[in-house]
Amino acid sequence: MMARVEFLNNVVADVRMAASFVTILPVASSKPAADGAVARASWALPVAGLLVGLAGAFVYEVATRFGLAPNLAALLALATTALVTGALHEDGLADTADGLGGGRTRERKLEIMRDSRIGTYGVCALILSFGLRWSALAAIADPLLVAFALCAAHTAARAGVPAFMALVPPARPDGLSASAGSPPGRSVAIALALGTLALALALGPGKALVGLVLLSLAGLLLARLAVRQIGGQTGDILGAFEQIGEILILLVAASFRMGG
């Protein structure tokens, strides 16, 4: 009995840590995290993503019940997910685009990625990200299917982050990614399983397979680009990976929906 209670307490603690890592929800523990705790808790990132997806789905449902058109409801849903996460992943995408696109040397690229100012590449990346996700949700339209798509996208997009952190070395000795550490194999496996399950339940096995293939290819391409240009991954690279995952899953959901 005590072992079961301790297990449940550890699960809750990991979910709280993962949620505090990728959202602005006031769920962080008052106790300082032990060494490696963030990496071990990374298995719960898909769970935190599910909470974000549910928040967006709820706002979409409410908006449609008040008679708003799908395009307006989709915009409100996206605004909600950005608000819940503090636009953390969008910031990572913009910084990655600016750094990898604008710097000439490794040092300059890393310097640009740490600069709080946004450049042309970052602006274009954000426009594409919001535009593609907004268009996908508006095309799906049906509130129930939008809820499935949002939950699948936010869960699966974060499910690959632990694997990315474990397989791609940090680009710098400090920073968010380096301080989090490398997730153990167990955390990586659980996160991938949760992401795969979410895709299968929300989109069906066939569509889930397409999503997994696209996510894997995107991860490999981004990892190769990051290693070649800056020597590894950073917190911004992880944010860009999450954003690319969201886009791909929502596009898969929208394309199959439009195709009948």
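Figured I'd write up the structure that's included with this text. The residue count restarts for each chain, going from 1 along the sequence in the order it is written. Local features in this predicted model are restricted to residues of pLDDT 70 or higher, and side-chain atom pairs are both shown and tallied only at a pLDDT of 80 or more, whereas totals for entire chains, interfaces and linings draw on every residue. Hydrogens and water are ignored here; the side-chain numbers use all heavy atoms of the structure.

### Section: unusual backbone geometry
For clarity, the threshold we go by: Secondary structure is summarised from DSSP: a helix means a run of H or I of at least four residues, a strand means a run of E of at least two, and numbering begins at the N terminus for each. Each residue is placed in one exposure class: buried if its accessible area under a 1.4 Å probe, protein chains only, is under 20% of its type's maximum, exposed if it is over 50%, and partly exposed if it falls in between.
Located in the positive-phi region is A87, a residue other than glycine, with phi close to 55 degrees. Among the structural elements, A87 can be located in the loop between α4 (70-85) and α5 (88-102). Residue classification places A87 among the partly exposed residues on the basis of a relative accessible area of 29%.

### Some details on empty space enclosed by the protein
For the record, the criterion: Here a cavity means grid points, on a 1 Å grid over the protein atoms only, where a 1.4 Å probe fits yet cannot get out; a pocket means an open set of points with protein on both sides within 12 Å along at least five of seven lines; lining residues are those with an atom within 4 Å of a point. Grid points are joined across faces, edges and corners, and a volume is the space filled by probe spheres set on the points. Throughout, the ten residues Ala, Val, Leu, Ile, Met, Phe, Trp, Tyr, Cys and Pro are labelled nonpolar, Asp, Glu, Lys and Arg are labelled charged, and all others, Gly among them, are labelled polar.
Inspection of every chain in the model, using the stated rule, returns two cavities of 30 Å³ or more. Its boundaries defined by the atoms lining it, the largest cavity holds a volume of some 50 Å³. Considering the residues around the largest cavity, the lining is formed by M17, A18, F21, V38, A41, S42, L45 and M165. For the lining of the largest cavity, the element with the highest residue contribution is helix α1 (residues 2-22), accounting for three residues. Looking at the lining of the largest cavity residue by residue, the class counts come to seven nonpolar, one polar and no charged.

### Remarks on helix α3 (residues 45-65)
Rule in force here: To estimate how far a helix should extend, the number of its residues minus one is multiplied by 1.5 Å.
Taking 1.5 Å as the rise per residue, α3 with 21 residues should run 30 Å; its terminal C-alpha atoms sit 31 Å apart, in good agreement. Restricting attention to buried positions, one finds in α3 the residues L45, P46, A48, G49, V52, G53, G56, A57, Y60 and A63. Looking one or two residues beyond α3, the residue adopting positive phi is G67, at roughly 90 degrees.

### Things to note about the side chain of T155
Rule in force here: Two residues form a contact once any of their heavy atoms are found within 4.5 Å.
Along the polypeptide, T155 turns up in helix α8 (residues 143-159). Exposure remark for T155: the relative accessible area of 5% places this residue in the buried category. When neighbours within four sequence positions are excluded, T155 is seen to be in contact with P46, G49, L50, L194, G195 and A198.

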